[in-house]
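Breakdown of the fold
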Amino acid sequence: QVQLVESGGGLVQPGGSLRLSCAASGSIFSINAMGWYRQAPGKERELVAGITSAGITTYAGSVKGRFTISRDNAKNTAYLQMNSLKPEDTAVYYCNLVNLRVGVSYDYWGQGTQVTVSS
């Protein structure tokens, strides 16, 4: 089992910044991927950014150039630096970890943290 604890959400004005953290604990495979998803009211959950244990990153087009995902493998922690925030970034942000082995994958989710961008 893996536990994910998110922190860093809150209320910020448009153009502001926030940094989300996701601390993972438990049975974490050496090959894994961590990511941030978000879900706004009435919308489906969507991938915001992801990063593998090898450091390969991916971003949604809507956040490229504004958000940066990183991780500290020694601390099993992933971060999402969000700059130039827009009202449309308002959502519950969820941390995700996928443990990977040949032929199988195991998916884990955090409890979510609210990000509100409003003046």
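Residues numbered from 1 in each chain as written. Predicted model: local features only at pLDDT ≥ 70, side-chain atom pairs only at ≥ 80, totals over all residues. Heavy atoms only, no water.

Applying the stated rule across the entire model yields three salt bridges. The shortest N-O distance in the salt bridge between Glu46 and Arg38 comes to 2.7 Å. Residue Glu46 is classed as partly exposed on the basis of its relative accessible area, which comes to 35%. On the basis of relative accessibility, which here comes to 7%, the residue Arg38 falls in the buried class. (Salt bridge = Lys/Arg side-chain N within 4 Å of Asp/Glu carboxyl O. Buried < 20%, exposed > 50% of the residue type's maximum accessible area, 1.4 Å probe, protein only.)

So, on to the side chain of Glu6. Relative to the assigned elements, Glu6 resides in strand S1 (residues 2-7). Although Glu6 is buried, it makes no salt bridge; Arg45 carries the closest opposite charge, 7.7 Å away. Here the side chain of Glu6 touches Gly112 through a polar contact of 2.6 Å, landing on its backbone nitrogen. In contact with Glu6, not counting residues within four places along its chain, are Ser21, Cys22, Trp36, Tyr93, Tyr94, Cys95, Gly110, Gln111, Gly112 and Thr113. (Helix = DSSP H or I, 4+ residues; strand = E, 2+ residues; numbered from the N terminus. Lys, Arg positive; Asp, Glu negative; His and termini not counted. Polar contact = N/O pair within 3.5 Å; in protein donor to acceptor, adjacent residues only side chain to side chain. Contact = heavy atoms within 4.5 Å.)

Here S1 runs beside strand S3 (residues 18-26); their pairing, made up of six bridges, is antiparallel. Within the sheet, the bridge partner assigned to Gln3 lies in S3 and is Ser25. For S3 and strand S8 (residues 77-82), the ladder comprises six bridges, and the chain directions are antiparallel. Looking at the pairing, Ser21 lines up with Tyr79 of S8. (Pairing = 2+ DSSP bridges.)

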